[in-house]
Amino acid sequence: MGKISKKTAQGVRPEPKVIPLKMQENDNLLILDQRLLPHKTVWVECKDEIDTARAIKDMLVRGAPAIGIAAAYGFYLGAKKIDKAGKLLNLAALQKIKKTLDNSRPTAVNLSWATECMLKVGEQWLRHISVAEHQKEKNTSLILELFNEAVEIHTEDAERCYDMSVVGAEYIKNTLKKKKYRILTHCNAGSLATGGIGTSLGVIRMLHLEGKVENVFADETRPYLQGSRLTAYELMKEKIPVTLITDSMAGFLMQKDMIDFVIVGADRITRRHDVANKIGTYSLSVLAKAHKIPFFVVAPLSTFDPRLVSGGEIPIEERSADEVLKVGEHLIAAKVPVLNYSFDITPRENITALFHEESVIR
Ligand code: MRU
């Protein structure tokens, strides 16, 4: 597909209404505790890479691009901490910071992609400075370069969100000729999961701006409830019509011809375009295929992992039993053994089209 006009929705460029994190001038990284949404808005401060890795692991911040952005800032704060202690930064120290952050969650490749970008900045700087110069200059310009890189990762993600949302909305309008769409989405791939307007929710927003959204059905997304707690909340804030459904209702809605297309985000995409996304995505793709309903995936190029060929190679995170046994603090089951895979793999055969910031892959 060739270049797509960005003049969609009468040239309107929407801004996110909720954001997952902010870096303040005094070097405070504030992360919105998404575990408490939609009822409480609490910002948690991260002082270094260790705080940031914990916030990612405990899912205060989640969503593939957002954890990449948080990790980039965490990397910068880790380097800054060493500098403040009066030590000269070296490659081993930067690699250690990267490792701490990379170990926080395994499936979304955006995390290691972002820390790799940060490490490269450090490597280059260290390669071009002599020991004598480094001792004289200290780490000042390196710290500044790391900060700029993290800000760039953040702001570029906002750009990418907008671009892929336009790509996706244009493709859908051109291929599914309907006045208005009834859309099914899973998990949360909106502003809270990115540095901009979101990936799949970004496409939905662009379509909504043109009056083309009849309704969005948001899956609850057991067990972490990103659909009910986050997606429903975001869409309501945007005044986009949304109806919450239980995950197991999706097939029935498709059977009753209530869904025009399914659209989801992604945590990692392999070379053959198999997609890792929130657990339940694969089931939806099978249902969509059985009902001949288009199934779309939206993700930035930073979610594509060129090192992996097929979906079976993607590391799948297993999370704690408590996420399944409890809702909030309430135990809702006997203390039975639990299997809690957080992601699954949708094979390319089940995907109608994949949208990224530059183009469409069919
Ligand atoms: O466990 P989470 O909430 O981090 O999982 C998030 C998802 O699966 C999203 O769909 C994906 O990261 C895309 S976010 C734009």
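Throughout this description, residue numbers start from 1 for each chain and increase along the sequence as written. Whole-chain, interface and lining totals are the exception, using all residues; otherwise, since this is a predicted model, local features are given only for residues with pLDDT of at least 70 and side-chain atom pairs are given and counted only at 80 or more. In computing side-chain properties, one takes all heavy atoms of the structure into account and sets aside hydrogens as well as water.

(A) Molecular detail of the side chain of Asp-48. Among the secondary structure elements, Asp-48 is positioned in the loop between strand S3 (43-46) and helix H1 (49-57). A polar contact is formed between the side chain of Asp-48 and the backbone nitrogen of Ile-50, at a distance of 3.0 Å. Side-chain atoms alone can form a polar contact between residues adjacent in sequence; in general such a contact is a pair of N or O atoms within 3.5 Å, and within protein one must be able to donate a hydrogen while the other accepts it. In this structure the side chain of Asp-48 is engaged in a polar contact, spanning 3.1 Å, whose partner is the side chain of Lys-81. Numbering of helices and strands starts at the N terminus; helices are DSSP runs of H or I of at least 4 residues and strands are runs of E of at least 2.

(B) Molecular detail of the domain arrangement of the protein chain. Those domain boundaries reflect an automatic or database domain assignment. Split by domain assignment, the protein chain resolves into domain 1 (21-156) and domain 2 (164-361). Taking the mean C-alpha position of each, domain 1 and domain 2 sit 28 Å from one another. Contacts between residues were defined by any pair of non-hydrogen atoms, one from each residue, lying within 4.5 Å. Every contact between the two is made by 23 residues of domain 1 and, on the other side, 30 residues of domain 2. When the buried area of domain 1 at its contact with domain 2 is split by residue, Arg-62, Thr-107 and Val-109 rank highest and sum to 29% of it. Note on terms: buried area is the combined drop in 1.4 Å-probe accessible area of two parts once they are placed together, counting the loss on both.

(C) A look at the sheet that holds strand S13 (residues 343-346). Whether two strands pair comes down to DSSP finding at least two bridges between them. The 3 strands are arranged S8-S9-S13 in an open sheet whose pairing can be described as antiparallel. Pairing within the sheet leaves two strands with one partner each, and these edge strands are strand S8 (268-269) and S13. Here 2 bridges tie S8 to strand S9 (residues 275-278), and the two strands are oriented antiparallel to one another. Within S9, the position partnered with Ile-269 by the bridge is Val-275.

(D) How the structure looks around the environment of His-134. Residue placement: His-134 occurs in helix H5 (residues 131-137). When accessible area is computed with a 1.4 Å probe and restricted to protein chains, residues below 20% of their type maximum are described as buried, those above 50% as exposed, and intermediate ones as partly exposed. Relative accessible area serves as the criterion here: at 8%, His-134 is assigned to the buried category. Residues His-134 and Val-297, spaced 163 residues apart in sequence, show a C-alpha to C-alpha distance of 46 Å. Those residues in contact with His-134, other than ones at most four positions away along the chain, are Leu-88, Leu-89, Trp-125, Leu-126, Ile-129 and Asn-139.

(E) Inspection of the sheet that holds strand S15 (residues 360-361) at higher detail. Strand order in this open sheet of 7 strands is S6-S5-S4-S7-S10-S14-S15, and the pairing throughout is mixed. The open sheet has two edge strands with one neighbour each: strand S6 (242-245) and S15. As paired strands, strand S14 (residues 353-355) and S15 are joined by 2 bridges and run antiparallel to one another. Residue Phe-355 lies in a different strand from S15, and its bridge partner there is Val-360. Lines fitted to the C-alpha atoms define the axes, with helices restricted to the stretch that makes contact. Angles between their N-to-C directions range from 0 to 180 degrees. Sheet contacts for helix H10 (residues 281-290): strand S4 (181-185), strand S5 (213-219), strand S7 (261-264) and strand S10 (295-298); angle to S10, the most-contacted strand, approximately 145°.

(F) Geometry of the environment of Ile-97. On the secondary structure map, Ile-97 appears in helix H3 (residues 91-102). Through-space distance from the C-alpha of Ile-97 to that of Gly-78 is 6.4 Å; in sequence the pair is 19 residues apart. Once residues lying within four places of it in the same chain are set aside, the contact partners of Ile-97 are Glu-49, Phe-75, Gly-78, Ala-79 and Ile-82.

(G) Just the site of the ligand, in detail. Note on definitions. A residue lies near a molecule or strand when any single heavy atom of the residue is within 4 Å of it. Around the ligand, 18 residues are found, and the nearest of them are Arg-62, Arg-105, Gln-226, Asn-277 and Lys-278. One of the side-chain nitrogen or oxygen atoms of Arg-62 is found 2.8 Å away from an oxygen atom of the ligand. Within the side chain of Arg-105, one N or O atom sits 2.8 Å away from an oxygen atom of the ligand. With the chains in place, 99% of the 410 Å² that the ligand exposes on its own is no longer accessible. Listing elements by their share of the shell around the ligand, those giving two or more residues are helix H2 (64-84) and S9. Using the Shrake-Rupley algorithm and a 1.4 Å probe, accessible areas are obtained, with residue cover drawn only from the displayed protein chains.

(H) Molecular detail of the pairing of strand S2 (residues 29-32). A two-sided burial pattern is seen for S2, the buried positions comprising Leu-29 and Ile-31 on one face and Leu-30 and Leu-32 on the other. Note that strand S1 (residues 21-23) and S2 share 3 bridges and pair antiparallel. Of the residues in S2, the one forming a bridge with Met-23 is Leu-29. Counted between consecutive antiparallel strands, the loop separating S1 from S2 contains 5 residues, among which Asp-27 sits at a positive phi close to 70°. Examined bridge by bridge, S2 and S3 share 4 bridges and lie antiparallel to one another. Bridged to Leu-30 within S3 is Glu-45.

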